[in-house]
Amino acid sequence: MKKLILTLTLCSLFGATLVSSHAADAPAAPAAPAAKAPEPPKKPEPTLEQRVAGIEAYISNGDPTAPLKVKVKVKGKDGKEVEEEKVPDGLTTVAASNSGPGHNGFQMICAALVLFMTLPGLFLFYGGLVRKKNILSVVAQCFGIAGLVSILWFVYGYSFVFAGGDNAGAWLGDFSKHALFKGVDSNVNSDYCFWVSHNVFSMYQLMFAIITPALILGAIAERMKFSAILLFMTLWMVLVYFPLAHWVWGINGAMNGVWNKDALIKSIDFAGGTVVHMSSGWSALILCILLGKRLGYGKQPMPPHSMTLCAIGTGMLWVGWYGFNAGSAVAADGIAANAFTTTTLATAVASFVWAMLEYVLKGKPSILGFCSGAVAGLVVVTPACGFITPGGSIIIGIAAGIVPFLACAYLKAKMGYDDALDTFGVHAVGGTLGALMTGFLASKDANPNLAADVAKANGLAELVEKGGLWMEQVKAIGITLVLAVVGTLIIAAIVKAVVGLRPTEEVETIGLDLAEHGEEGYHG
């Protein structure tokens, strides 16, 4: 009996093991499916038409984002709904998200050409006109200004002049938005162009900031201390150049009639008639009067020591000026081509007219006459070059050969001021003349921006069409003149109190080269 019970127990245990083994081998019941993660929203893709339109915009210097924009309703500043065009989030094309290599390359070349105007163009032009004991002082002053202004531009100058946005007003720029070149990278700054990198644009504008104060040197050549020049130029950039450049060229500037729909004065200045030439020229006059005349001026001859250097410098200035004027289109487009053409014609005519006036009145056409006429033509056409037709440039060339000539040949002698290298006669008189003539000769046929949406919104288009632009130009001329004159009087007083303006008579007699720089331009 015991054996039977034991046998049955073993059999039941063995059977249970088999059952559990089969159960383990049986497939498990399927698990409940996991919740599916939501897919990220699809990035909108541009259509073929939008891509092609972006390429066409590159060719025509148009807005590459225009084909991507759709009309949406947004709340305006007054709380009411307004309709505006906007690019949908995430939608872009290669054209819309990159700078244009051709336009960028053109702008870099133009920037180099404008620097070439100062180093070495201006210091050779001015250097040839001074006495040989002072040539290196001119070179040192130009180099010193180039370094000084570059530092100021990086620290805050570029931001103050060109930063847009709510913190940039009509009269006061934004000190901090692009201070220390914050945000100044290889992306496009669409406030001013469609295809040029922000950093390239900033460098191009820096070259204007360098040459403008350097022009003042011509009026005070041979008789101002180097330390005084550095301090004067620092304060002049802060109080005169940066504010004026913002008013005229800043996207929110009070006198930017072309690009600011809320401009208070609808004036136009393509490449610097007011900002560059009027500001430096009128400041130069005031400063040379405050300094007084050079020792021996009017009693002993002070001829240029090298007309050869002066002529070489003039040629460099003329070539570099294409970067100055054509480059101000900020694109290699039709407006730049027109500015190139008008600059050439006006300069050639002015150079010829000035020399021929000398031929008639004095019996000999001088090399200095050809050089001075060329520079005068370049100065007078600068504010107008991108707004006038070739016919208008001929008129400007004739005027540029006559009016500055009269200022240099007769007004200076009559008034008795010692404008050593005729900075006032050429740049102040020429810049003022050019700004005024722009008001009469500007044409929408030469520059369609004069009839674009912004120009229609602020009234510039109507002024160009009906002939009232010259009145706005007169307002801009008046403001520029007052700023330059008053600013120079204040700055000169500060500099005189801090470091003094003039060197000693002994230093002037020896020459600034040896006395201030310990070097001579010539030996033997």
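Caption draft 1: Structural view of the overall build of the chain. Along the backbone of the chain there are 17 helices and 2 strands. Taken over the C-alpha trace, the chain has a radius of gyration of 34 Å; the compact-globule value for 524 residues is 24 Å, which it surpasses by more than 25%. Taken along its principal axes, the extent of the C-alpha atoms in the chain is 155 × 60 × 40 Å. Buried residues in the chain amount to 51% of all 524 residues.

Caption draft 2: Region of the structure containing the side chain of asparagine 189. Looking at where asparagine 189 falls in the secondary structure, it is placed in the loop between α4 (135-162) and α5 (198-216). What makes asparagine 189 buried here is its relative accessible area of 9%.

Caption draft 3: Representation of the environment of tyrosine 126 within the structure. Mapped onto the secondary structure, tyrosine 126 falls in helix α3 (residues 101-129). Accessibility expressed as a relative area gives 1% for tyrosine 126, which makes it buried. Distance in space between the C-alpha atoms of tyrosine 126 and isoleucine 398 is 24 Å, their sequence separation being 272 residues. If near-sequence neighbours (up to four positions away) are discounted, tyrosine 126 is found in contact with Val138, Ala214, Leu215, Leu217, Gly218, Leu421, Thr423 and His427.

Caption draft 4: A look at α3. Its 29 residues give α3 an end-to-end C-alpha distance of 41 Å, which sits within 8% of 42 Å, the value for a rise of 1.5 Å per residue. Along its length, α3 reaches its greatest deviation from straightness, about 40°, at glycine 121.

Caption draft 5: Main features of the packing of helix α7 (residues 273-291) against helix α15 (residues 469-498). Relative to each other, α7 and α15 sit at 40°, their axes nearing to 9 Å. Accordingly, the angle class assigned to the pair α7 and α15 is oblique. For the pair α7 and α15, the crossing hand works out as right-handed. Residues Thr274, Met278, Ser279, Trp282, Ser283, Ile286, Leu287 and Leu290 of α7 lie in contact with α15, whose contacting residues are Ile477, Thr480, Leu481, Ala484, Val485, Thr488, Leu489 and Ala492. Here the residues of the contact of α7 with α15 sort into 11 nonpolar, 5 polar and no charged.

Caption draft 6: Local environment of a nonpolar patch on the surface. Taken together, the side chains of Leu345, Tyr359, Val360, Leu361, Ile394, Ile398, Ile402, Val403, Leu406 and Tyr410 make up a nonpolar region of the molecular surface, amounting to roughly 860 Å² of accessible area. For the nonpolar patch, the secondary structure elements donating two or more residues are α9 (334-362) and α11 (390-415). Top contributing element to the nonpolar patch by residue count: α11, with 6 residues. Structurally, the position occupied by valine 403 is in helix α11. For valine 403, a relative accessible area of 32% corresponds to the partly exposed category.

Caption draft 7: Quick peek at the packing of aromatic side chains. Under the defined criterion, the tally for this structure stands at 31 aromatic pairs. The interplanar angle of 80° and the centroid separation of 5.2 Å between the aromatic rings of phenylalanine 162 and phenylalanine 201 together place this pair among those described as edge-to-face. Pair noted here: phenylalanine 162 is in helix α4 and phenylalanine 201 is in helix α5, with a separation of 39 residues, a long-range link. Using a relative accessible area of 2% as the deciding quantity, one classes phenylalanine 162 as buried.

Caption draft 8: Just the pairing of strand β1 (residues 70-75), in detail. Among the 6 residues of β1, 0 are classified as buried, and the element is accordingly described as predominantly exposed. Pairing geometry for β1 and strand β2 (residues 81-86), over 6 bridges, is antiparallel. Opposite valine 70, over in β2, you have lysine 86 as the bridge partner.

Caption draft 9: Spotlight on the state of the cysteines. Within this structure, the stated rule accounts for 0 disulfides. As a non-bridged cysteine, cysteine 408 has cysteine 288 as the owner of its nearest cysteine sulfur, 12 Å distant.

Caption draft 10: Main features of the pattern of salt bridges. Here the structure, examined in full by the defined rule, presents 12 salt bridges. The shortest N-O distance in the salt bridge between glutamate 222 and arginine 294 comes to 2.9 Å. In this pair, glutamate 222 sits in the loop between α5 and α6 (226-249) while arginine 294 sits in the loop between α7 and α8 (307-325), placing the two residues 72 residues apart along the sequence. Across the pair, exposure class does not vary: glutamate 222 and arginine 294 are buried alike. For glutamate 472, the salt bridge identified is with lysine 475, shortest N-O distance 2.9 Å. With glutamate 472 and lysine 475 both in helix α15, this residue pair falls 3 residues apart, about one helical turn. Sharing partners across several salt bridges, the network here consists of Arg131, Glu222, Arg223, Arg294 and Asp418.

Caption draft 11: The environment of glycine 54, seen in detail. Its location among the elements puts glycine 54 in helix α2 (residues 48-60). Setting aside anything within four residues of it in sequence, one finds glycine 54 in contact with Pro67, Ala95 and Trp195.

Caption draft 12: Quick look at the packing of α3 against α8. With their axes 7 Å apart at the nearest point, α3 and α8 run at an angle of 160° to one another. Considered as vectors, α3 and α8 are oriented roughly antiparallel to each other. The two elements α3 and α8 cross, and the hand of that crossing is left-handed. Across the contact of α3 with α8, the residue classes tally to 19 nonpolar, 6 polar and no charged.

Caption draft 13: Quick peek at unusual backbone geometry. The omega angle of the peptide bond from leucine 119 to proline 120 is 15°, so this bond is cis rather than trans. Looking at where proline 120 falls in the secondary structure, it is placed in helix α3. In this structure, phenylalanine 181 takes a positive phi of about 60° despite not being glycine. In this structure, glutamate 222 takes a positive phi of about 75° despite not being glycine. A relative accessible area of 4% means that glutamate 222 is categorised as buried.

Caption draft 14: Structural context of the side chain of serine 351. One can find serine 351 in helix α9. For serine 351, the residues in contact, after removing those within four places along its chain, are Gly369, Phe370, Gly373 and Ala374.

Criteria and thresholds
Residues numbered from 1 in each chain as written. Predicted model: local features only at pLDDT ≥ 70, side-chain atom pairs only at ≥ 80, totals over all residues. Heavy atoms only, no water. Helix = DSSP H or I, 4+ residues; strand = E, 2+ residues; numbered from the N terminus. Rg over C-alpha atoms; globule rule 2.2 N^0.38 Å. Buried < 20%, exposed > 50% of the residue type's maximum accessible area, 1.4 Å probe, protein only. Contact = heavy atoms within 4.5 Å. Expected span 1.5 Å × (residues − 1). Bend = angle between axes of the 7 residues up to and from the residue. Axes fitted to C-alpha atoms, helices over the stretch in contact; angles between N-to-C directions. Parallel < 35°, antiparallel > 145°, perpendicular 65-115°, else oblique. Left-handed = near helix turned anticlockwise from the far one by under 90°. Nonpolar A, V, L, I, M, F, W, Y, C, P; charged D, E, K, R; others polar. Patch = residues over 30% accessible without salt bridge, like charges linked within 9 Å, V, L, I, M, F, W, Y side chains within 5 Å. Areas by Shrake-Rupley, 256 points an atom, 1.4 Å probe, with all protein chains shown as cover. Salt bridge = Lys/Arg side-chain N within 4 Å of Asp/Glu carboxyl O. Phe/Tyr/Trp six-rings, centres within 6.5 Å; stacked < 30°, edge-to-face > 60°. Pairing = 2+ DSSP bridges. Disulfide = S-S within 2.5 Å.

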